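For reference, the chains in residue letters:
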Amino acid sequence: MSLNKLAYKLPANLASAVAAALTDWKSNNKVARLWAKDATVWTGADEGSWLGWLSITDEQLANAHTFKELAAEVKKRKFKHVVLLGMGGSSLCPEVMRITFGKIKGFPEMHVLDSTDPVQIKTLEKKLDLKKTLCIVSSKSGSTLEPNIFKQYFFERVKAKVGADKVGSHFIAVTDPGSKMQQVAEGDKFWKIFAGVPSIGGRYSALSNFGMVPSAAMGLDVPKFLKTTHEMVTACGATSAADKNPGVILGAILGAAANQGRDKLTIIASPGIYDLGAWLEQLLAESTGKIGKGIIPVDRENLGKPASYGNDRVFAYLRLASKPNKAQDAAVAALEKAGHPVVRISLPNIHSIGQEFFRWEIATAVAGSVIGINAFNQPDVEASKIETRKLTSEYEATGHLPAESPFFEAPGVKLFADEKNAAALGGGSKLLDALKKHLARAGAGDYFATLAYIPMNAENEKILQEFRHVVRDKKKVATCLGFGPRFLHSTGQAYKGGPNSGVFLQITCDDSSDLSVPGQKYTFGIVKAAQARGDFNVLAERGRRALRVHLGKNLKSGLKALSKAVQQAVS
C-alpha cells in the first residue's frame, strides 16, 4: 500500500500566493486547529459541528465486521440488483463506486436513481427483476423530497411482485438517527437501517455509511478499501505540517487560485476513474460557491489545445497509473508547457480512490478557509427547495402549476425567462436571435452552463457535449453540463450563490410519458417541472444571466435543432 502522489506546476504569482497560504497555516497552527474542530479556521460560525468526517474512517474500521456481514447476507439472498435511491451526497459516491468497480462477481449489479425524470425512472425499472432487487433508500435528513418519492414508488412496485408481507425485506435505509425516514423504515419493516452521523454533511459523507453501505452491498471489500484510505487520513493528520500535508497543499492551491480569479477548476480523470469528477463537482461547488465567491468545477470537458483556455483555469489531473490515457498525458503536458497551473495526482489503482475522497475533503475545507467562507453550509440549495415546495404544494391544492407564458414561441420550442432576462433576449423572430444575444453575454472569466432537465442517457449527453465544446472553443470560456434535478444537490449552490459569472441555458421538455407518485396528486413529471421552475426562479432572483428553452415531446429532434442553433449562435 502507498500514498497517492501529488505534484504541481504553477505560474510564479500563484506559487507565491500558495507559499504565503501555507506559511499562514503553519505559523497559525491551523492544521491542528482544523482537527480540533476550531470554527475560527473558517468564519467562526457552526463549522465545528460539521467535522465528523475527520474521524469516520477510524470509526468505520472499528466496525468493519458490519460491512463484511452485510456483503455476506446480500450474497446469500441471491439478489440480482441493488438500487440506490438518493440525491447528491447520498448518491454520488455510490455512483462513483458502481462505475469504477463495475459488477463484482457473485454480487448484485448496482444501479443509482437520482432523477425525477419519469422516462429515466421507467428506463431503470425495466432493467430490474423486482423480485430479486434490494432497494437502499438513502437520505441524511429523511425529509428530502426525491428519496421519499422514490421510496413510495418502488415500495409499491416491489410489493406488487413479492407481497405486503415480504416487501420490507427488500429495503434498507441509510439515514440520520431519529429522522422521518427512520420512522418510515421501522413502520414498513425494512430489512436493515444504517445510521448516518449527524455531524457529517452529505457531500462529506463518502466514507460514512452513505458511501460504504451501498459499496458493501455490491460486493466491495470495504474493510480493505478503508485500510488503503486510512494512509491518506494519517498523512493529512493533525501533526502533519501544512507544507507536507497532501490535503492542505491541494487546498492552498485551490483557494489561492480562486482568490486570484483562477476559479474554474478543470477536472481531468483517466477513463477508469472518470466519474470521480461528478463527486468532486458537488464537494467543491456546494462547499465553496457562496456569498459571491467560490470554485466552479468543470467536469467532462474534453481536453483542448492550450489556447482554448483563458487565465481563469486550474487543471487537476487524476491519473490512474495502472491504466493511463496517452492522449490525456500529452494534452496535460502541453497545458503545463504553456504555463497553465496543473496539479497532478497519481492513483496506483482503482482501490486507492478512497484516498482521494479524503484528500479532497481536507482540500475543500482548507480552500474554504483560504477563500474566507463557511465550507459546510449550502444556503442557496435551500432556496431552490423552498421554491419547488411552493409549486408542488400549489399543484396538490389546485391540480395544476401556475400558468406561465413564453416570450418567444415557434414549432417545437418555447423560450421563457424572467422580465429582466426576457428584455435582454427578446425582440427576435427566431430561436437563433435569442441564443445569439444570450451567448454574446459570456465574456472573459465567465462560464457557460447547460442545465438539462431531460433523461440522463448517452444519446442526450452526446448532443449536449457537442454544442458545449463548440461554445468553449469559440468563446474561450469554461463550460459546465448538469442534468436536472441532480445538479441542484451539487453544483446548483455555486451557480446561485457563487460568483455571478455564469451564463445559463436551462433545457426542459414535454415528457413523452409520466408516472404517478403513490399517495400524491402530483406526478414525477410535475415534480421535475416544479424543480426546473424553482431553479430558474432562484437564478433570476440572484440576477443571473439565464434562459430557459422548452422543447416539445419529440425531444430527439428538438435537442438536435437546439444544438445546431447554439453552434450557429457562436460561429
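All of these numbers come straight from a predicted model, not from anything done at the bench. (Residues numbered from 1 in each chain as written. Predicted model: local features only at pLDDT ≥ 70, side-chain atom pairs only at ≥ 80, totals over all residues. Heavy atoms only, no water.)

Undergrad: Requested: an account of the environment of F467, with residues and values cited.
TA: For F467, the location among the structural elements is in helix α18 (residues 458-475). Owing to a relative accessible area of 0%, F467 belongs among the buried residues under this scheme. In this structure the C-alpha to C-alpha distance between F467 and L10, which are 457 residues apart in sequence, comes to 31 Å. F467 has contacts with F448, T450, L505, I507, S563, V566 and Q567, leaving out every residue within four places of it along the chain. (Helix = DSSP H or I, 4+ residues; strand = E, 2+ residues; numbered from the N terminus. Buried < 20%, exposed > 50% of the residue type's maximum accessible area, 1.4 Å probe, protein only. Contact = heavy atoms within 4.5 Å.)

Undergrad: Go over the packing of aromatic side chains with me, naming the residues and quoting the values.
TA: Following the criterion strictly, the structure yields 21 aromatic pairs and no others. Plain terms: the ring middles of Y153 and F524 are 5.7 Å apart, the flat faces sit at 85° to each other, and that makes the pair edge-to-face. On the criterion of sequence distance, the pair formed by Y153 in helix α7 (residues 145-162) and F524 in helix α20 (residues 524-541) is long-range, its members being 371 residues apart. Judged by its relative accessible area of 5%, Y153 is buried. (Phe/Tyr/Trp six-rings, centres within 6.5 Å; stacked < 30°, edge-to-face > 60°.)

Undergrad: How would you sum up the pairing of strand β3 (residues 109-113)? Please name residues and give values.
TA: Residues in a regular strand point their side chains to alternate faces of the sheet. Of all the five residues making up β3, four are buried; the element is thus mostly covered by neighbouring parts of the structure. Across five bridges, the pairing between strand β2 (residues 81-85) and β3 is parallel. Note on β3: the bridge partner recorded for L84 is V112. This β-α-β element, β2 to helix α5 (residues 92-101) to β3, shows right-handed connectivity. (Pairing = 2+ DSSP bridges. Right-handed = clockwise from strand over helix to strand, strands pointing away.)

Undergrad: Account for the environment of F154, with residues named and values stated.
TA: Position of F154 relative to the elements: it lies in helix α7. Each C-alpha atom, one on F154 and one on E125, is 8.9 Å from the other, the two residues being 29 residues apart in sequence.

Undergrad: With reference to specific residues and values, describe α5.
TA: Of all 10 residues in α5, eight are buried, a share of seventy percent or more. Among the residues of α5, those classed as buried are L92, C93, P94, E95, V96, M97, T100 and F101. In this structure, the buried side of α5 is in contact with β2, β3, α9 (209-217), α10 (222-235), α12 (276-288) and α14 (353-371). Residue G102 follows α5 closely and has a positive phi angle near 65°.

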